[in-house]
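For reference, the chains in residue letters:
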Amino acid sequence: MPVLVSDRLGNVLAANEAALRLLGRPENEVVGAVVDGLIPHQGASPAVPLVVEMREGDGEPTDQRALRDDLTGLPNRRLFQDRLAYLVELARRRQDSFAVCVLDLDRFREVNNTLGYRSGDVILRLVGDRLRETLRASDTVARLGGDEFALLLPGCEDQQDVATVANKIFPALQAPVDVGGREVDVQASMGVALYPHDGDSAEVVLSRAELAMQGAREEAAGYTLFRRHHESAAATFAGGTHLRRAIARDELFLAYQPQLQVADGVVVAAEALVRWRHPQRGLLPPGAFIPLAEQTGQIHGLTLWVLRHALTHARSLSRRGLGLTIAVNLSIRDLQQPNFAAALGELATEFATPPEQLKLEITEGTLMRQPELIIPVLHRLRQMGFGLSIDDFGTGYASLAYLKQLPVTEVKISEAFIEHLATDADDEVIVRSTIDLAHRLGLLVVAEGVRDRRALLKLRERGCDLAQGYLLGRPVPPATLAARLRRTSRSSLPGRRQTARS
Ligand code: C2E
Ligand code: MG
Ligand code: MG
């Protein structure tokens, strides 16, 4: 039986004769390679009948599934970070250099939305395969989440080496893909950071490769090495001065989009959505500044601003007998703040708002990025009484079964499935089964991006709890929301807040 033995990181420590024969490689090429560099994966399981025994430092076998991305079979973010940390240690001792690359597909969201998530999956798998086939057995190809891949290239030392690798990767990636009879071009942007030139810790090199990737995307450059201006461009635009100044000058404001009970049309909640009235650039949607605020560490200040304002509005509505639940979007950076839950608890007390009146939206993509870090924070927030909602559900590859482990109160089905709900049978099946499962788990279901009546009718048939979308109301200033709540007679009844199912 062909057997490979590896350490926890997947570095091959030993291989028996049968394995060497099966792989068709000499022992010195196999030992020292990474397991996933040797075996082509089809999704989660190896495509060749080879036994891989992965062992911890104490000889205990490891559960490899926790370290792999289900869809592509590649190492996941956790394994990637562990390998990166290990490589930093090794390179420090041996005074070696290596490269870290972050690669993001261009317009992938668009592909997902127009061709459907299954086609998106096909493309992601193919990109994984193409990268894996192009690189060496000692290189790591990982999927960090969504459409983001990362590479670890030991021995890739300078600009010249990076150019050689990029000249292999890009032509391989760009070959058109046939997805259900349609030809799709795969384009990607890649940022590269070199150890130790661009940073001497795992966190710094990885974050600089990410910044370089943004730079490559903005410059439509294909790939680029990290340059100081990537950091400063990001910092001056969204971060540091500008965003702080925007807050100080009162240039930010919140718009509220109502959420209605599907059964009777009563508005029971509203989502706070931030906007920036920029003195030069006009009205900016959150997509124009949130991503950069996240990268430059400024998002937490922004979230606190949003929370204070949302709580002010919630309190003023309650005082007028118009109590409703307010939803606020969080970013992964907020959940990474060590005292976030405590700070939120203090804010709720300061504004005399019961925690149930606030629901915190976390996108599915965020949850899947660092579940081991985020889930404990969610438990804490839930214990404190805050509602927790999974935003953009269905786009981030969390499995439905995974929901059971999460202490959430609500699932918000992504607009991607609601948009064509009335006409697309696949979307209907997805929406129906999401609603059924969520209800069985005692969760409330919100459909977002409801734009047409037929979709709303389908949602009613299927027992969806709440709906939000342009059909039912665009995001509006708090005063307009209050006027709407007053107009709908029933909404001024006290104690009319939605009841959580759990
Ligand atoms: P989201 O949380 O999924 O919010 C829903 C977005 O869909 C909003 O866009 C909303 O205006 C839009 N939308 C609502 N109804 C419809 C519809 O019927 N059709 C279509 N096509 N779109 C609809 P917006 O305001 O541009 O926000 C975009 C994203 O920005 C939000 O997505 C959220 O992820 C993020 N965001 C907004 N405010 C904040 C914030 O205060 N903090 C953080 N961290 N993120 C925020
Ligand atoms: Mg949201
Ligand atoms: Mg959403």
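Before going into details, it helps to say that this report is about the structure given with it. These figures come from a predicted structure and were not determined experimentally.

### Observations regarding the overall build of the chain
Of regular secondary structure, the chain possesses 20 helices and 21 strands. For a compact globule of 502 residues, the expected C-alpha radius of gyration is about 23 Å, and the chain comes in at 25 Å, within 12% of that figure. For the chain, the spread of C-alpha atoms along the principal axes amounts to about 80 × 50 × 45 Å. With 502 residues in all, the chain has 52% of them scored as buried. The contacts of the chain with a sequence gap of at least 6 include a subset with a gap of at least 24, amounting to 66%. Averaging the locations of the 59 positively and 63 negatively charged side chains of the chain gives two centres separated by 8 Å.

### Observations regarding the coordination of the magnesium ion (ligand 3)
Listed as protein donors to the magnesium ion (ligand 3) are Asp 391 (OD), Asp 392 (OD), Glu 448 (OE) and Glu 448 (OE); their distances from the metal cover 2.1 to 2.4 Å. Read from N- to C-terminus, the donor residues coordinating the magnesium ion (ligand 3) fall into the pattern D-D-x55-E. The magnesium ion (ligand 2) is placed at 4.1 Å from the magnesium ion (ligand 3), the two being bridged by Asp 391. Of the two residues, Asp 392 is situated in strand β18 (residues 387–393) and Glu 448 in the loop between β20 (444–447) and α19 (453–461); the sequence distance between them amounts to 56 residues.

### Quick look at the pattern of salt bridges
For the structure shown, the criterion picks out 20 salt bridges. The partner of Arg 308 in a salt bridge is Glu 350, with the nearest N and O atoms 2.5 Å apart. Highlighted residues: Arg 308 in helix α12 (residues 299–319) and Glu 350 in helix α14 (residues 340–350), separated in sequence by 42 residues. What makes Arg 308 partly exposed here is its relative accessible area of 36%. The exposure class of Glu 350 is partly exposed, given its relative accessible area of 46%.

### Thoughts on the nonpolar core
Core analysis: the biggest nonpolar cluster contains 77 residues, and Ile 326, Leu 335, Leu 358 and Leu 381 have the highest contact counts within it. Non-local contacts of Ile 326, meaning those with residues more than four positions away in its chain, are made with Tyr 256, Ala 270, Ala 272, Ala 310, Ala 314, Gln 357, Leu 358 and Lys 359.

### Describing the site of ligand 1
Lining the immediate surroundings of ligand 1 are 20 residues, of which Gln 257, Glu 271, Arg 275, Asp 391 and Tyr 470 lie closest. Note that an oxygen atom of ligand 1 is positioned 2.8 Å from one of the side-chain N or O atoms of Glu 271. Contact between ligand 1 and Glu 448: an oxygen atom at 3.2 Å from a side-chain N or O atom of the residue. Computed on the free molecule, ligand 1 has an accessible area of 800 Å², of which 82% lies beneath the protein chains in the complex. Elements that contribute at least two residues to the shell around ligand 1 include exactly β14 (267–278) and β18. Broken down by element, the shell around ligand 1 gets its largest block of residues, four residues, from β14. Its residues assigned to classes, the shell around ligand 1 comprises eight nonpolar, four polar and eight charged.

### Some points on the sheet that holds strand β2 (residues 12–15)
If you trace the three strands from one edge of the open sheet to the other, you get β2-β1-β5, paired in mixed fashion. Lying at the two open borders of the sheet, with one neighbouring strand each, are β2 and β5 (51–55). Each adjacent strand pair in this sheet contributes to an overall mean axis angle of 20°, direction not counted.

### So, the side chain of Arg 143
Counting through the fold element by element, Arg 143 comes out in strand β7 (residues 140–145). On the accessibility criterion, Arg 143 (4% relative accessible area) is buried. Reaching out from Arg 143, the side chain makes a polar contact with the side chain of Asp 69 at a distance of 2.8 Å.

### Quick notes on the coordination of the magnesium ion (ligand 2)
The protein atoms donating to the magnesium ion (ligand 2) are Glu 271 (OE), Asn 329 (OD1), Glu 361 (OE) and Asp 391 (OD), with metal-donor distances spanning 2.0 to 2.3 Å. The sequence pattern formed by the donor residues of the magnesium ion (ligand 2) is E-x57-N-x31-E-x29-D. Note on Glu 361: relative accessible area 1%, which makes it buried.

Criteria and cut-off values
Residues numbered from 1 in each chain as written. Chains lettered and ligands numbered in written order. Predicted model: local features only at pLDDT ≥ 70, side-chain atom pairs only at ≥ 80, totals over all residues. Heavy atoms only, no water. Helix = DSSP H or I, 4+ residues; strand = E, 2+ residues; numbered from the N terminus. Rg over C-alpha atoms; globule rule 2.2 N^0.38 Å. Buried < 20%, exposed > 50% of the residue type's maximum accessible area, 1.4 Å probe, protein only. Contact = heavy atoms within 4.5 Å. Lys, Arg positive; Asp, Glu negative; His and termini not counted. Charge placed at Lys NZ, Arg CZ, Asp CG, Glu CD. Donors = N, O, S within 2.8 Å, 3.2 Å for Na, K, Ca; no water. Salt bridge = Lys/Arg side-chain N within 4 Å of Asp/Glu carboxyl O. Core = buried A, V, L, I, M, F, W, Y, C linked by side-chain atoms within 4.5 Å. Near = heavy atom within 4 Å. Polar contact = N/O pair within 3.5 Å; in protein donor to acceptor, adjacent residues only side chain to side chain. Areas by Shrake-Rupley, 256 points an atom, 1.4 Å probe, with all protein chains shown as cover. Nonpolar A, V, L, I, M, F, W, Y, C, P; charged D, E, K, R; others polar. Pairing = 2+ DSSP bridges. Axes fitted to C-alpha atoms, helices over the stretch in contact; angles between N-to-C directions.

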